[in-house]
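Okay, here's what each chain looks like letter by letter:
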Amino acid sequence: MSEPTPTDKILDLFLLRVREPEYSTDAPYYTTGSIVSAALLRLVVVILAGYGLRQVASGQVTWTVMLFALWALVAWPAYNQYVRFNTNIDDIKRDTLCGVCRHFNPTSQLCSVLDEHVTTDVPPCEGEAWEPRT
Ligand code: SF4
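Position numbers for residues count from 1 along each chain, tracking the sequence in the order it is written. For this predicted model, a pLDDT threshold of at least 70 governs which residues receive local features, and a threshold of 80 or more governs which side-chain atom pairs are given and counted, while totals over whole chains, interfaces and linings are taken from all residues.

**Some thoughts on the overall build of the protein chain**
The secondary structure listing takes helices from DSSP runs of H or I that are at least 4 residues long and strands from runs of E that are at least 2 residues long, numbered from the N terminus. What the protein chain contains, in helices and strands, is three helices and three strands. Relative to a compact globule of 134 residues, whose C-alpha radius of gyration would be 14 Å, the protein chain shows 19 Å and is clearly more extended. Counting across all 134 residues of the protein chain, residues that qualify as buried make up 13%. Between the two quantities, the radius of gyration covers C-alpha atoms and the globule rule is 2.2 Å times the number of residues to the power 0.38. Residues are called buried when their C-beta atom has 20 or more other C-beta atoms within 10 Å, exposed when it has 12 or fewer, and partly exposed otherwise; all C-beta atoms are positioned from the backbone.

The structure is reproduced here in C-alpha cells:
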C-alpha cells in the first residue's frame, strides 16, 4: 500500500478524484462528512475565483463562468461522490458480515460498538461482536 504524497493530500482534501486511491483501504474514502466538507472547500475556492474574475471581466461573463463552475466543480462532483458512497454501503450490506450486523450504522458507515469505519474488508471486530440484525 503506497503512502499519499503532498499532492495526493491536496486532491483528497478537495476530493478531486474520480475514484478512490490505492492507499484508502483501511477507511472509506467517501463519507457524508468528507463529501460535504470538500464541497464547501471547493465552493469557497470558486467564490474567491469569482471575485478575482469580476475584477477583469464583465458581470455577465463572471456570472456565466460562476454558474458553470458551481455546477462542474461543486455540485456535480458532490452528487457523484454521494452516489459512490451509497454504492459502497450497498456493497457492504450485500457482501460483508458487518452488513448484516445490528451494530452497523449505514448512515455513517460506522460500527457502533467499536466506533470504527467499516469497509468491505475483514470486520474490525473480526466477527466477535457480531449480532444478527433483527
Ligand atoms: S460488531 Fe463487528 S460485525 Fe458488527 S458492525 Fe461492528 S465490526 Fe462489524
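**Quick notes on the sheet that holds strand E2 (residues 110-111)**
DSSP-based pairing: two strands are paired if at least 2 bridges between them are found. In spatial order, the strands read E1-E2-E3; together these three strands make up an open sheet with antiparallel pairing. Edge positions in the sheet fall to strand E1 (104-105) and strand E3 (116-117), since each has one partner strand and no second. Bridging between E2 and E3 involves two bridges; their strand directions are antiparallel. Counterpart to Leu110 in the pairing with E3 is His117.

**A few points about the nonpolar core**
The nonpolar core criterion groups buried Ala, Val, Leu, Ile, Met, Phe, Trp, Tyr and Cys residues into a set whenever they are joined through C-beta atoms within 7 Å. By size, the foremost hydrophobic cluster in this structure holds six residues: Ile92, Cys98, Cys101, Phe104, Cys111 and Val118. In this description, any two residues whose backbone-derived C-beta atoms lie within 7 Å of each other are considered to be in contact. Filtering out sequence-adjacent residues up to four positions away, Ile92 remains in contact with Cys98, Gly99, Val118 and Thr120.

**Digging into the site of the ligand**
As a matter of local geometry, the ligand sits amid 14 residues, with Cys98, Cys101, Cys111, Cys125 and Ala129 nearest to it. Only Asp, Glu, Lys and Arg are considered charged in this grouping, and only Ala, Val, Leu, Ile, Met, Phe, Trp, Tyr, Cys and Pro are considered nonpolar; every other residue, Gly among them, is considered polar. Residues of the shell around the ligand, tallied by class, amount to 13 nonpolar, one polar and no charged. Any residue whose C-beta atom, as set from the backbone, lies within 6 Å of a molecule or strand is reported as near that molecule or strand.

**Some remarks on the environment of Phe14**
Residue placement: Phe14 occurs in the loop between helix H1 (6-13) and helix H2 (32-56). Judged by C-beta crowding, with 15 C-beta atoms within 10 Å, Phe14 ranks as partly exposed. C-alpha separation for the pair Phe14 and Glu3, spaced eleven residues apart in sequence, amounts to 18 Å.

**Focus on the domain arrangement of the protein chain**
Domains assigned within the protein chain are domain 1 (6-90) and domain 2 (96-134). Relative placement of domain 1 and domain 2: their C-alpha centres are 29 Å apart. On the domain 2 side, the residues contacting the five residues of domain 1 number five residues. Its residues assigned to classes, the side of domain 1 that touches domain 2 comprises three nonpolar, two polar and no charged. Annotation comment: domain bounds sourced from an automatic or database domain assignment.

**What about unusual backbone geometry?**
Located in the positive-phi region is Gln109, a residue other than glycine, with phi close to 60 degrees. For Gln109, the position within the fold is in the loop between E1 and E2. Take Gln109: there are 21 C-beta atoms within 10 Å of it, and that puts it in the buried class. For Glu126, which is not a glycine, the phi torsion comes out positive at approximately 55 degrees.

**Regarding the environment of Gly50**
Residue position: Gly50 is located in helix H2. Take Gly50: there are 17 C-beta atoms within 10 Å of it, and that puts it in the partly exposed class. C-alpha separation for the pair Gly50 and Met66, spaced 16 residues apart in sequence, amounts to 6.2 Å. Gly50 has contacts with Thr62 and Met66, leaving out every residue within four places of it along the chain.

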